[in-house]
Amino acid sequence: MITLSFDNSYSRLPEEWYQRITPQPLKGAHLISFNPSVAQLIDLDPCTVDPAVLVRSFSEAEALPGAAPLAMKYAGHQFGFYNPDLGDGRGLLLGEVVNRRGERWDLHLKGAGRTAYSRFGDGRAVLRSSIREYLAGEAMAGLGIPTTRALCLIGSEQYTQRNGMEPCAMLVRVTPCHIRFGHFEYFYYTRQHDELKRLADYAIERYYPACQEAEQPYLAFFNAVLEKSAELVALWQCYGFVHGVLNTDNMSILGETFDYGPYTFMDWYEPDHVANKNDDEGRYAFSRQPEIVLWNMTALAQSLLPLIERAALERALLRFNKRYRYYQLKRMRARLGLQAEREEDAVLVADLLAVAVEHRLDLNRLLRALSDYQDIAPDGCELASRLEICALPPTLSSWLERYRVRAQQEVASAPIRRQQMRAVNPRYLLRNYMAEEVIREAHGGNYEPLNALLPLLRKPSEEHAGMERYAGTPPDWAGAICLTCSS
Ligand code: AMP
Ligand code: MG
């Protein structure tokens, strides 16, 4: 039996906020992958866990003493339109574990069967999308980008219809927060203002306790969410990450990357890149993400109108772009090894991005290459061979010359700068083709490649013997990978 220290604060909130329901086990459930670093977050000793017990405990909550499984009600804007009928349609909050350090972690079982909010869905998640979410959590954590993660991935012998018949799976998601922007929207649009206030009080007490001391706690809360969301999207933009489905029900109030679907780390820098083939209008294209996160912040602001004065919310929203640019420049400076803050840096960064767009360069590989050289910037031939291109485009050469001059103004020695740069410029990134490869193997019952990828994603800046091919150019077939909402 698995013993965890549960204390389920959400299940003490009003019964109307959720449906109490237990998971429906999957036929032939078995452990595919277990995440020791997440286990430690909830004081679960990775050395003594029995896989069979683990699977039973998490996929059949009766076997998990202290859990109080429930499906949360929420709503949200999907592709710009309000949908009142959302909620945990295929996932359950199993409960909250308080670890020895006093940290509180939500355990959420994704793919647990139908709930009151399933609408026409089957309540299941398929192996393909569960693997992608599992990998993404580790990749994001490896990059230092806020994210949910997963404790384990559970496979099954049960199939459901998606892209043809696909195997079902379950994922135990672990994060402090499952409250979405859509939770607030639900109470606002159903005019339950007392409940709205109660939710805000709960969120402040649990996630933003410092706001309680502020003159206007609800406004301070909104500002704190805005700050975290601006930082999050800035980090996505720095690494070429496209979320794919930035609906308000996929936005965590804690500013973590949340609800992974058809996401992509772009193989080359392409502002118009749309990760999700169902997104016909390109609403969630890469370059639009900052504006969309601001749009989502506006939706959250709207739903907080009963608690915060309109003018104050409007003023707060006006700060978003500035905060986004601040975080974006901060990380890009770090990636370029520039510690001093010079005014011309913003233009240097913007020009680099423009060169990357013009020549369809892989910004991540380019920046990693700049981190690996002895000199302050490599010569053209070295860099071209590293990027597997015939010759450096002249615009990149002249940019490199400017960069060389700028980098010479830094106080830190070149070796120190390069060491710092490597920490934020990964050698490896989770490319779509890597996920596709391990999914294909997993469908054939081979989970080794999936598990072999995890150490690389967790420490993407380090060398990983035998995995070097993942640091190179993606194979030609990668361009044909088609991702949709289907999960
Ligand atoms: P998602 O696209 O995963 O962010 O989900 C959007 C909404 O649809 C949420 O309310 C989900 O709970 C619900 N949903 C997605 N897939 C399913 C499914 N297979 N069965 C039931 N509900 C689902
Ligand atoms: Mg979602």
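No experiment lies behind these values; they were computed from the predicted model shown. (Residues numbered from 1 in each chain as written. Chains lettered and ligands numbered in written order. Predicted model: local features only at pLDDT ≥ 70, side-chain atom pairs only at ≥ 80, totals over all residues. Heavy atoms only, no water.)

Draft legend 1. Spatial organisation of the state of the cysteines. For the structure on display, the rule yields zero disulfides. Cysteine 177 provides the cysteine sulfur closest to cysteine 211, a residue in no disulfide bond, and the two sulfurs are 13 Å apart. Left without a disulfide partner, cysteine 381 is nearest to the cysteine sulfur of cysteine 390, which lies 12 Å away. (Disulfide = S-S within 2.5 Å.)

Draft legend 2. Spatial organisation of the coordination of the magnesium ion (ligand 2). Bound to the magnesium ion (ligand 2) on the protein side are Asn250 (OD1) and Asp259 (OD), at distances that span 2.0 to 2.1 Å. Neither residue differs from the other here; asparagine 250 and aspartate 259 are each classed as buried. (Donors = N, O, S within 2.8 Å, 3.2 Å for Na, K, Ca; no water. Buried < 20%, exposed > 50% of the residue type's maximum accessible area, 1.4 Å probe, protein only.)

Draft legend 3. The side chain of glutamate 166, seen in detail. Here glutamate 166 lies in strand E10 (residues 164-175). Side chain to side chain, glutamate 166 and arginine 128 meet in a polar contact 2.8 Å long. Within the structure, glutamate 166 has its side chain in polar contact with the backbone nitrogen of asparagine 163 (distance 3.0 Å). Excluding residues within four positions of it along the chain, glutamate 166 makes contact with Val126, Arg128, Gln158, Tyr159, Thr160 and His443. (Helix = DSSP H or I, 4+ residues; strand = E, 2+ residues; numbered from the N terminus. Polar contact = N/O pair within 3.5 Å; in protein donor to acceptor, adjacent residues only side chain to side chain. Contact = heavy atoms within 4.5 Å.)

Draft legend 4. Structural detail: the pattern of salt bridges. Evaluated as defined, the whole model comprises 34 salt bridges. Glutamate 138 is paired through a salt bridge with arginine 149; the nearest N and O atoms lie 2.6 Å apart. Of this pair, glutamate 138 sits in helix H3 (residues 127-143) while arginine 149 sits in strand E9 (residues 149-162), and the two are eleven residues apart along the sequence. Classification of glutamate 138 by relative accessible area gives buried; the value is 0%. Look at the salt bridges and you will find they share partners, linking Asp7, Arg12, Glu96, Arg104, Asp106 and Arg206 into a network. (Salt bridge = Lys/Arg side-chain N within 4 Å of Asp/Glu carboxyl O.)

Draft legend 5. Up close: the packing of helix H9 (residues 320-336) against helix H14 (residues 414-424). With their axes 7 Å apart at the nearest point, H9 and H14 run at an angle of 130° to one another. Accordingly, the angle class assigned to the pair H9 and H14 is oblique. Contact with H9, carried on its side by Arg331, Ala334, Arg335 and Leu336, involves Arg417, Met421 and Val424 of H14 and no other residues of that element. Counted by class, the contact of H9 with H14 contains four nonpolar, no polar and three charged residues. (Axes fitted to C-alpha atoms, helices over the stretch in contact; angles between N-to-C directions. Parallel < 35°, antiparallel > 145°, perpendicular 65-115°, else oblique. Nonpolar A, V, L, I, M, F, W, Y, C, P; charged D, E, K, R; others polar.)

Draft legend 6. A look at the packing of aromatic side chains. Under the counting rule described, the total for this entry stands at 20 aromatic pairs. For the ring pair tyrosine 10 and tyrosine 202, a centre distance of 5.8 Å and an interplane angle of 80° mean the geometry is edge-to-face. Taken together, the residues span a long stretch of sequence, with tyrosine 10 in the segment before strand E1 (18-20) and tyrosine 202 in helix H5 (residues 193-207) at a distance of 192 residues. Classification of tyrosine 10 by relative accessible area gives buried; the value is 2%. What makes tyrosine 202 buried here is its relative accessible area of 10%. With a centroid separation of 5.7 Å and 40° between ring planes, the pair formed by phenylalanine 184 and phenylalanine 221 is classed as tilted. Taken together, the residues phenylalanine 184 in helix H4 (residues 181-189) and phenylalanine 221 in helix H6 (residues 217-239) connect sequence positions 37 residues apart. Looking at phenylalanine 221, the relative accessible area reads 1%, which means it is buried. Of the aromatic side chains, those joined through ring pairs into one cluster are Tyr10, Trp17, Tyr18, Tyr186, Phe187 and Tyr202. (Phe/Tyr/Trp six-rings, centres within 6.5 Å; stacked < 30°, edge-to-face > 60°.)

Draft legend 7. Fine view of H6. With 23 residues, H6 extends 34 Å from end C-alpha to end C-alpha; this agrees with the ideal 33 Å at 1.5 Å per step. Within H6, 19 of the 23 residues are buried, which leaves it mostly tucked inside the rest of the structure. Just beyond H6, the residue with positive phi is glycine 240, at close to 70°. (Expected span 1.5 Å × (residues − 1).)

Draft legend 8. Just the site of ligand 1, in detail. Around ligand 1 sit 17 residues, and of these Gly87, Gly89, Arg90, Asp122 and Gly123 come closest. Between an oxygen atom of ligand 1 and a main-chain N or O atom of glycine 87, the distance comes to 2.7 Å. Contact with the protein chains removes 81% of the 480 Å² of surface that ligand 1 exposes when unbound. Looking at side-chain class alone, the shell around ligand 1 contains two nonpolar, seven polar and eight charged residues. In this structure, the shell around ligand 1 is formed jointly by two domains, domain 1 (10-175) and domain 2 (181-330), each of which donates at least three residues. (Near = heavy atom within 4 Å. Areas by Shrake-Rupley, 256 points an atom, 1.4 Å probe, with all protein chains shown as cover. Domains from an automatic or database assignment.)

Draft legend 9. The arrangement of the packing of H5 against H6 in detail. Where H5 meets H6, the closest approach of the two axes is 11 Å, and the angle between their N-to-C directions is 65°. Taken as a pair, H5 and H6 cross one another with a handedness that is left-handed. Packed against H5, whose contacting residues are Lys197, Ala200, Asp201, Ala203 and Ile204, the element H6 presents Pro217, Tyr218 and Phe221 at the interface. Along the lines of polarity and charge, the residues of the contact of H5 with H6 split into six nonpolar, no polar and two charged. (Left-handed = near helix turned anticlockwise from the far one by under 90°.)

Draft legend 10. Looking closely at the environment of cysteine 152. Counting through the fold element by element, cysteine 152 comes out in strand E9. In this structure the C-alpha to C-alpha distance between cysteine 152 and proline 46, which are 106 residues apart in sequence, comes to 11 Å. In this structure cysteine 152 touches Leu31, Ser33, Phe34, Leu54, Met170, Leu171 and Val172, once residues within four positions along its chain are discounted.

Draft legend 11. Up close: the nonpolar core. Residues Tyr10, Leu135, Phe184, Phe221, Phe222 and Ile253 are the most contacted members of the largest nonpolar core, which totals 133 residues. Contact partners of isoleucine 253, with chain neighbours within four places excluded, come to Cys177, Ile179, Arg180, Phe181, Phe184, Ala203, Tyr207, Tyr208, Phe221 and Val225. Among the nonpolar cores identified, the runner-up in size contains 34 residues, and Leu26, Val55, Leu151 and Val174 belong to it. (Core = buried A, V, L, I, M, F, W, Y, C linked by side-chain atoms within 4.5 Å.)

Draft legend 12. Region of interest: the environment of glutamine 409. Mapped onto the elements, glutamine 409 comes out in the loop between helix H13 (394-408) and H14. For the pair glutamine 409 and glutamine 24, spaced 385 residues apart in sequence, the C-alpha to C-alpha distance is 62 Å. Those residues in contact with glutamine 409 that sit more than four places away from it in its chain are Arg342 and Glu344.

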